[in-house]
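The chain contents come next:
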Amino acid sequence: MYRCAKCGEPIRNDTGGQTQCDKCGSWIFIKERPNEKKVLKSD
Ligand SMILES: [Zn+2]
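Residues numbered from 1 in each chain as written. Predicted model: local features only at pLDDT ≥ 70, side-chain atom pairs only at ≥ 80, totals over all residues. Heavy atoms only, no water.

Let's shift gears to the coordination of the zinc ion. Here the zinc ion is held by Cys4 (SG), Cys7 (SG), Cys21 (SG) and Cys24 (SG), and the distances to it run 2.3 to 2.4 Å. Bound by four donor atoms, the zinc ion shows angles of 100 to 117 degrees at the metal and therefore tetrahedral coordination geometry. Coordination of the zinc ion draws on donor residues from a single chain, spaced C-x2-C-x13-C-x2-C in sequence. With cysteine 7 in the loop between β1 (2–4) and β2 (10–11) and cysteine 24 in the loop between β2 and β3 (29–31), the pair connects residues that are 17 residues apart, well separated along the chain. (Donors = N, O, S within 2.8 Å, 3.2 Å for Na, K, Ca; no water. Tetrahedral: all angles 85-135°; square planar, octahedral: opposite > 155°, others 65-115°. Helix = DSSP H or I, 4+ residues; strand = E, 2+ residues; numbered from the N terminus.)

Here is the structure:
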């Protein structure tokens, strides 16, 4: 999952090729990590 670095719009890379933000037209994206919270504590 990627997000636009400018406006934060979620990007869906369906084409597999070049991806552009539909909202602002930016080509810069940041990768989003869905599994951010790791709870490995076992108290
Ligand atoms: Zn954007």
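So, next bit.
Moving on to the pattern of salt bridges. Summed over all chains, the structure comprises one salt bridge. When the shortest N-O distance is used, the salt bridge between glutamate 9 and lysine 23 registers 3.6 Å. Here glutamate 9 is found in the loop between β1 and β2, whereas its partner lysine 23 is found in the loop between β2 and β3, with 14 residues between them in sequence. Residue classification places lysine 23 among the exposed residues on the basis of a relative accessible area of 60%. (Salt bridge = Lys/Arg side-chain N within 4 Å of Asp/Glu carboxyl O. Buried < 20%, exposed > 50% of the residue type's maximum accessible area, 1.4 Å probe, protein only.)

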